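Structural characterization, general
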Amino acid sequence: MTWSLMIHGGAGRIERGRTPPNVEAGTRAGLLAALDAGAAVLAIGGAALDAVETAVRVLEDDPHFNAGRGAALTREGTAELDAAVMDGRTRAAGAVARVSYTRSPVALARAVMERSRHVFLAGVGADAFSREQGLEQVENVWFVTDARRANLAELLARNPDAYDVDMKYGTVGAVARDAAGHLAAATSTGGVTGKCWGRIGDSPVIGAGTWADDRSCAVSCTGAGEFFLRAGVAHEIEARLRLAGHVPAEAVAAVLEEVRALGGTGGVIAMPASGPPVWRFTTPGMSRGLADADGTRRVALFGDEE
């Protein structure tokens, strides 16, 4: 078995002519840095779980992406962060939502998986668990950037009652298959700009935005979370592979069409137990990257790129 790593940095209105050159360059550089970090784990025989966490942590620290530093802001101008990890060997999983002070939400999700009796923690409880476990803490303002403040101000100026569900989904994620053939997935996000009432999307929900099962595939999603939740996208893709005998590309395409029929758009990365990984999106673009044991190392943003 050869190792492979696929990442995404969000799907949405990522188009030539709409993306400033400095943003495009920064996004590509961030994707490459995350690929290199995750690939370095796999290249020395490391575990898929370690690789996806490592790659996502790099993206969380990069303000070009909507996760960790640079996350989309709530209506109140604060960051509320969500993340999940899943280990395909045992289907162990950990997830957190509405985290406000942990520098790496994906690291906290893994801590929930490995150091607690639970799968999903949220809000003040998740932050308290993070402190108890000694994870790095930051002030909430550390996550806030001028660009995200401007996004929120623009949105509220257009419509004070709106939140951004269709402009850009900056969620980040990774799926990996290690040299031993094991799978893992991780997803992290700041959600949508202008969210309120403690809104949580699909990213931290096991089976909706994140899934990994050595019997079939690992999946990480990005898109209009309300629709991905309703379709149970990540597990639906897995079930089509494992139970219906679909090939990965067929399963991913079919489930994204279900999301489209409900009124949503977005993208998926899927790593099968064997064979090449798949990415697919129903938006103009999706930040994405692939590295493998054969020497592949490439990233893309726009819909007309391979």
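See the structure shown above.
Residues numbered from 1 in each chain as written. Predicted model: local features only at pLDDT ≥ 70, side-chain atom pairs only at ≥ 80, totals over all residues. Heavy atoms only, no water.

1. Digging into the overall build of the protein chain
Inclusion rule: Elements are defined by DSSP. Helices are runs of H or I of four residues or more, strands are runs of E of two residues or more, and each kind is numbered from the N terminus. For this measure, only C-alpha atoms enter the radius of gyration; the expected value for a globule follows 2.2 Å times N^0.38, where N is the number of residues. Here the term buried applies to any residue with accessible area under 20% of the maximum for its type, exposed to any over 50%, and partly exposed to those in between, with areas from a 1.4 Å probe on protein chains only. Each accessible area is a Shrake-Rupley estimate made with a 1.4 Å probe; only the visible protein chains count as cover when residues are assessed.
Tallying secondary structure elements over the protein chain gives eight helices and 13 strands in all. A compact globule built from 306 residues would reach a C-alpha radius of gyration of about 19 Å, and the protein chain, at 17 Å, matches this within 12%. By its C-alpha atoms, the protein chain is 50 × 45 × 35 Å across when sized along the principal axes. For the protein chain, buried positions account for 58% of its 306 residues. Within the structure as shown, the protein chain displays about 11,800 Å² of accessible surface, and the carbon and sulfur contribution to it stands at 52%.

2. Description of empty space enclosed by the protein
Put simply, the rule reads: Cavities and pockets were defined on a 1 Å grid built from protein atoms only: a cavity is a group of points that admits a 1.4 Å probe but offers it no way out, a pocket is an open group of points flanked by protein on both sides within 12 Å along at least five of seven lines, and a lining residue is one with an atom within 4 Å of any such point. Grid points are joined across faces, edges and corners, and a volume is the space filled by probe spheres set on the points. Amino acids outside the nonpolar list (Ala, Val, Leu, Ile, Met, Phe, Trp, Tyr, Cys, Pro) and the charged list (Asp, Glu, Lys, Arg) are all regarded as polar, and Gly is one of them.
Following the criterion strictly, the structure yields one cavity of 30 Å³ or more and no others. Estimated volume of the largest cavity: approximately 80 Å³. Around the largest cavity sit 11 residues that line it, and T171, T189, G191, R199 and G223 are the ones nearest its centre. Classifying every residue of the lining of the largest cavity by side-chain character gives two nonpolar, seven polar and two charged.

3. Examining the environment of P21
Along the chain, P21 turns up in helix α1 (residues 21-43). Look at P21 and you get exposed, because its relative accessible area is 67%. Note: C-alpha distance between P21 and M113 (92 residues apart in sequence) is 39 Å.

4. Concerning the state of the cysteines
Selection criterion: In plain terms, two cysteine sulfur atoms within 2.5 Å form what is called a disulfide here.
In the structure shown here, the tally under the stated rule is zero disulfides. Among the cysteines around C221, which has no disulfide bond, C217 carries the closest sulfur, lying 9.9 Å off. Here C221 falls in the buried class, since its relative accessible area comes to 0%.

5. Examining the packing of helix α7 (residues 233-244) against helix α8 (residues 248-262)
Our working definition: To get an axis, fit a line to the C-alpha atoms, keeping to the stretch in contact for a helix; angles then go from 0 to 180 degrees between the N-to-C directions. Oblique is the label for any angle not under 35 degrees, not over 145, and not in the 65 to 115 range, which are roughly parallel, roughly antiparallel and roughly perpendicular in turn. Take the far helix as your reference; a near helix turned counterclockwise from it by less than a right angle gives a left-handed crossing, and one turned clockwise gives a right-handed crossing. The criterion used for residue contact is that any of the two residues' heavy atoms lie within 4.5 Å.
Between α7 and α8, whose axes approach to 9 Å, the crossing angle comes to 140°. By the angle between their axes, α7 is oblique relative to α8. Read as a crossing pair, α7 and α8 show a hand that is right-handed. The segment α7 lies against α8, with V233, E236, I237, R240 and L241 engaging P248, A251, V252, A254, V255, E258 and V259. Taken together, the residues that form the contact of α7 with α8 break down as nine nonpolar, no polar and three charged.

6. Structural notes on the packing of aromatic side chains
Ring pairs (aromatic) are described by centroid distance and by the angle formed between their planes. The line we're drawing: Only Phe, Tyr and Trp rings are paired, with Trp represented by its six-membered ring, and only when their centres lie within 6.5 Å; those with planes under 30 degrees apart are stacked, over 60 edge-to-face, the remainder tilted. Two thresholds decide whether a charge sits over a ring: the Lys NZ or Arg CZ must be within 6 Å of the ring centre and within 35 degrees of the ring normal.
Within this structure, the stated rule accounts for one aromatic pair. Their ring planes at 80° and their centres at 5.5 Å tell us that W142 and F143 sit as a pair that is edge-to-face. The partly exposed category is assigned to W142, whose relative accessible area is 24%. What makes F143 buried here is its relative accessible area of 0%. The lysine or arginine in question, R69, covers the ring of W142, its NZ or CZ lying 5.3 Å from the ring centre. Its end group placed over the ring of W279, R288 keeps NZ or CZ at 5.2 Å from the ring centre.

7. Here we look at α1
So the rule is basically this: What a helix should span is 1.5 Å times the count of its residues minus one.
With 23 residues, α1 should reach 33 Å at 1.5 Å per residue; the first-to-last C-alpha distance of 32 Å fits that figure. The set of residues buried in α1 consists of G26, T27, R28, G30, L31, A34, L35, G38, A39, V41 and L42. Residues of α1 that are buried make contact with β1 (4-12), α2 (48-60), β6 (172-177), β12 (285-292) and β13 (297-302). Of the residues trailing α1, G45 is marked for its positive phi of about 85°.

8. What to know about the sheet that holds strand β9 (residues 217-223)
Applied cut-off: Strand pairing is assigned whenever DSSP identifies at least 2 bridges connecting the two strands.
Here we have four strands laid out as an open sheet, ordered β8-β9-β10-β11, and antiparallel in their pairing. Of all strands in the sheet, those bounded by a partner on one side alone are β8 (210-213) and β11 (278-281). Between one strand axis and the next, the sheet turns by 10° as a mean value, whatever way the strands run. Across four bridges, the pairing between strand β10 (residues 266-272) and β11 is antiparallel. Along β11, the bridge assignment pairs G267 with F281. On the sheet, α7 packs against β8, β9 and β10 and is oriented at approximately 145° with respect to β9. In the packing of α8 onto the sheet, the strands contacted are β10 and β11, and the crossing angle to β11 comes to about 20°.

9. Re unusual backbone geometry
Look at R98: it is not a glycine, yet its phi comes out positive at around 55°. A relative accessible area of 32% places R98 in the partly exposed class. Phi is positive for W197, close to 60°, though the residue is something other than glycine. Mapped onto the secondary structure, W197 falls in the loop between β7 (183-189) and β8.

Any functional reading would require information that these geometric values do not contain.
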